[in-house]
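The primary structure of each chain is shown beneath.
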Amino acid sequence: MKPETHAWQALQAHASAQLRGGFADRVLRAAHGPQPEAWRQLRVAGAAALRPGFADRVLRAARAATEMPSLGSQFALSAVTAAACLGAVLFMESRSLEQADARNLAEWQQIVSAVEDMDSLGL
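All values reported here derive from a predicted model rather than from experimental measurement.

1. Brief notes about the overall build of the protein
Per the secondary structure count, the protein includes five helices and zero strands. Helices and strands appear in the protein in the N-to-C order α-α-α-α-α. Taking 14 Å as the expected radius of gyration for a compact globule of 123 residues, we find that the protein reaches 38 Å, considerably beyond that expectation. Structurally, the protein occupies a C-alpha span of about 105 × 70 × 20 Å along its principal axes. Classification of the 123 residues of the protein by burial places 1% in the buried group. Carbon and sulfur atoms make up 65% of the accessible area of the protein, which totals about 11200 Å². The distance from the centre of the 12 positive side-chain charges to the centre of the 12 negative ones in the protein is 34 Å.

Structure representation (structure tokens):
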């Protein structure tokens, strides 16, 4: 027998010793859910807790929430989105140009420094 097999068997034995009696039955009952009679009682209790006209109020509220936005608000949202995109593009373009300018300036400074060193040596 492999050492892992023995360890697994010992672990299973220890875990099963920790469980209370009837554990498997309780798990199976919970997995199957309540019996049909329990569901019927829950529906009756729930219906009794609701005020008359509840379903109509819910439907009216749902229909009101799904109304189509106005044409003006759609155009406004589109304009704001386009402005935000344009701003992001301009910002990124400006940033990349600044980085390119800084990189070019650093390279030119190296060239100028090399030329000055050559001039000082008389070459």
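From this point, the narrative continues.
2. Examining a nonpolar patch on the surface
Together, Leu-19, Phe-23 and Val-27 line one region of the surface with nonpolar side chains, adding up to about 250 Å² of accessible area. Assignment of secondary structure puts Phe-23 in helix H2 (residues 23–32). When its relative accessible area of 38% is taken as the criterion, Phe-23 is described as partly exposed.

3. Quick look at the pattern of salt bridges
Using the criterion set out here, one finds one salt bridge in the structure. The residue Arg-40 makes a salt bridge to Glu-37 at a minimum N-O spacing of 2.7 Å. With Arg-40 and Glu-37 both in helix H3 (residues 36–49), this residue pair falls three residues apart, about one helical turn.

4. Notes on the confidence of the model for the protein
Residue-level pLDDT values for the protein average 88, and 98% of them are 70 or greater. Least confident of the elements in the protein is H2, whose mean pLDDT is 81; most confident is helix H5 (residues 71–121), at 94.

5. Here's the deal with the environment of Gly-33
Within the fold, Gly-33 resides in the loop between H2 and H3. Along the primary structure Gly-33 and Asp-101 are separated by 68 residues, whereas in three dimensions their C-alpha atoms are 70 Å apart.

Analysis parameters
- Residues numbered from 1 in each chain as written.
- Predicted model: local features only at pLDDT ≥ 70, side-chain atom pairs only at ≥ 80, totals over all residues.
- Heavy atoms only, no water.
- Helix = DSSP H or I, 4+ residues; strand = E, 2+ residues; numbered from the N terminus.
- Rg over C-alpha atoms; globule rule 2.2 N^0.38 Å.
- Buried < 20%, exposed > 50% of the residue type's maximum accessible area, 1.4 Å probe, protein only.
- Areas by Shrake-Rupley, 256 points an atom, 1.4 Å probe, with all protein chains shown as cover.
- Lys, Arg positive; Asp, Glu negative; His and termini not counted.
- Charge placed at Lys NZ, Arg CZ, Asp CG, Glu CD.
- Patch = residues over 30% accessible without salt bridge, like charges linked within 9 Å, V, L, I, M, F, W, Y side chains within 5 Å.
- Salt bridge = Lys/Arg side-chain N within 4 Å of Asp/Glu carboxyl O.
- pLDDT = per-residue confidence, 0-100.

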